[in-house]
Amino acid sequence: MTENPVIGVLALQGDVREHLIALASADAVARPVRRPEELAGVDGLVIPGGESTTMSKLAVLFGMLEPLRERVAAGMPVYGTCAGMIMLADKILDPRAGQETVGGIDMIVRRNAFGRQNESFEAAVEVDGVPGGPVEGVFIRAPWVESLGARAEAVAVHGGHIVAVRQGNALATSFHPELTGDHRVHALFTDMVRAVA
């Protein structure tokens, strides 16, 4: 068990800085990851929010998609928020042309399911495994999970829709906990990394 695991944040696009701050508050050594050699040096990885189609294209462009798939398939702990949840889905219900995912969670997700940018909202969400009451979730053009396979487990529901999922060493949320100053979800993920680092 590593007390201060090295956790990367995929820094191709999206809200990287906020995740680095949240991870540091959970006593992780947090660093941005843009290249395969940087990915090789981390114990776990956060895939941030952003725009999933752009992130997919940049992952291909930077030579990151296959190394990401390999590390996730090999059991590296990974946490995806919003677009990161889409990137971790084995299947997207409504993909854009050419959109690819890293995969790793047996789920089907719907992009922008909660509405457009101007329909963004915050809500208190009970997340299994996170002590201390509800987490304030920020939903920005957020996806939801349409269905789960046998290996994946819903860990939070909002408005009748699955908004957080865990499968082994992989965790995903529709919402952005990194934008609230409440770093308990990142602490949970850091503990997941510690358990295997």
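That block above? That's the structure.
Just so it is clear, the structure is predicted and the values come from calculations on it, not from any experiment.

Novice: A description of the overall build of the protein should follow, citing residues and the corresponding values.
Specialist: Scanning the protein from terminus to terminus reveals six helices and twelve strands. Taking 16 Å as the expected radius of gyration for a compact globule of 197 residues, we find that the protein reaches 15 Å, a close match to that expectation. On the principal axes, the C-alpha backbone points of the protein span a range of 40 × 40 × 35 Å. Buried residues in the protein amount to 51% of all 197 residues. Within the protein, residue pairs in contact and separated by at least 24 positions form 66% of the contacts whose partners lie at least 6 positions apart. Approximately 8,200 Å² of the protein is accessible, and the part contributed by carbon and sulfur atoms is 50%. The centroid of the 17 positive side-chain charges in the protein is displaced by 6 Å from the centroid of its 24 negative side-chain charges.

Novice: An account of the packing of aromatic side chains is requested, with residue identities and associated values reported.
Specialist: Taken as a whole, this structure holds three aromatic pairs when the rule is applied. For the ring pair tyrosine 79 and phenylalanine 189, a centre distance of 5.8 Å and an interplane angle of 40 degrees mean the geometry is tilted. You can see tyrosine 79 sitting in strand S4 (residues 78-81) and its partner phenylalanine 189 sitting in helix H6 (residues 184-196), a full 110 residues away along the chain. Ring centres of phenylalanine 121 and phenylalanine 139 lie 4.7 Å apart, and the angle between their planes is 5 degrees; this geometry places the pair in the stacked category.

Novice: Just give me the short version of the layout of surface pockets, but keep the residues and values in it.
Specialist: Within this model, the largest pocket holds a volume of roughly 190 Å³. If you trace the largest pocket, you find 14 residues lining it, with Gly50, Glu51, Cys82, Ile140 and Arg141 closest to the centre. For the lining of the largest pocket, the per-class residue count stands at four nonpolar, six polar and four charged.

Novice: Hey, could you go over the side chain of glutamine 167 for me, with residue numbers and the actual values?
Specialist: Structurally, the position occupied by glutamine 167 is in strand S11 (residues 161-167). Residue class for glutamine 167 comes out buried when judged on its relative accessible area of 11%. In this structure the side chain of glutamine 167 is engaged in a polar contact, spanning 3.3 Å, whose partner is the backbone oxygen of glycine 104. With sequence-adjacent residues up to four places away left out, glutamine 167 is seen in contact with Gly104, Ile105, Asp106, Arg151 and Ala152.

Novice: Explain helix H4 (residues 65-73) residue by residue, including any values.
Specialist: Within H4, the full set of buried residues consists of Leu65, Leu68 and Val72. Viewed along the axis of H4, the buried residues span an arc of 65 degrees, placing them on a single side of the element. What points out from H4, more than 90 degrees from its buried face, is the exposed set Glu70 and Ala73. Those residues of H4 that are buried are in contact with strand S1 (6-10), helix H2 (36-39), strand S3 (44-47), helix H3 (52-61) and S4. One or two positions beyond H4, positive phi appears at glycine 75, with a value near 105 degrees.

Novice: So what's going on with the nonpolar core? Which residues, and what values?
Specialist: Counting residues in hydrophobic clusters, the biggest one holds 34 residues, and the most contacted among them are Leu39, Ile47, Ile105, Met107, Val109 and Val165. In terms of residue count, the dominant contributor to this core is helix H5 (residues 83-88) (five residues). With sequence-adjacent residues up to four places away left out, methionine 107 is seen in contact with Met85, Leu88, Ala89, Asp90, Lys91, Val145, Ser147, Leu148, Val165 and Ala172. The next biggest cluster of nonpolar side chains, apart from the first, holds 30 residues, and it includes Phe114, Ala164, Leu171 and Val193.

Conventions and cut-offs
- Within every chain, residues take consecutive numbers counted from 1 along the sequence as written.
- The predicted origin of the model limits local features to residues at a pLDDT of at least 70 and limits the giving and counting of side-chain atom pairs to 80 or more, whereas totals for whole chains, interfaces and linings rest on all residues.
- Note that water and hydrogens are dropped before the side-chain values are worked out from all heavy atoms of the structure.
- Runs of H or I in DSSP of at least four residues are treated as helices and runs of E of at least two as strands, each being numbered from the N terminus.
- What the globule rule says is 2.2 Å times the number of residues to the power 0.38, and the radius of gyration is computed from C-alpha atoms.
- Partly exposed residues are those whose accessible area sits between 20% and 50% of the maximum for their type, while under 20% is buried and over 50% is exposed, using a 1.4 Å probe and protein chains only.
- The contact definition used throughout considers only heavy atoms, calling two residues in contact when any of these lie within 4.5 Å.
- Here, Shrake-Rupley sampling with a 1.4 Å probe gives the accessible areas, and only protein chains in the shown set may cover a residue.
- Counting rule applied: Lys, Arg positive; Asp, Glu negative; His and chain ends not counted.
- The location of each charge is read from NZ of Lys, CZ of Arg, CG of Asp or CD of Glu.
- Between 30 and 60 degrees the pair is tilted, below 30 it is stacked and above 60 it is edge-to-face, where a pair is any two Phe, Tyr or Trp rings, Trp via its six-membered ring, whose centres lie within 6.5 Å.
- In the cavity and pocket records, a cavity denotes points on a 1 Å grid over the protein atoms alone where a 1.4 Å probe fits but cannot get out, a pocket denotes an open set with protein on both sides within 12 Å along at least 5 of 7 lines, and lining residues are residues with an atom within 4 Å of a point.
- Grid points are joined across faces, edges and corners, and a volume is the space filled by probe spheres set on the points.
- Polar here means any residue outside two lists: the nonpolar Ala, Val, Leu, Ile, Met, Phe, Trp, Tyr, Cys and Pro, and the charged Asp, Glu, Lys and Arg; Gly therefore counts as polar.
- Each polar contact in these results corresponds to two N or O atoms within 3.5 Å; when the atoms are within protein, one needs to be able to donate a hydrogen and the other to accept it, and residues that are neighboring in sequence are counted only if both atoms are side-chain atoms.
- Of all possible arcs, the one meant is that of the directions from the helix axis to the C-beta atoms.
- What we call a nonpolar core is a set of buried Ala, Val, Leu, Ile, Met, Phe, Trp, Tyr and Cys residues that are connected through their side-chain atoms within 4.5 Å.

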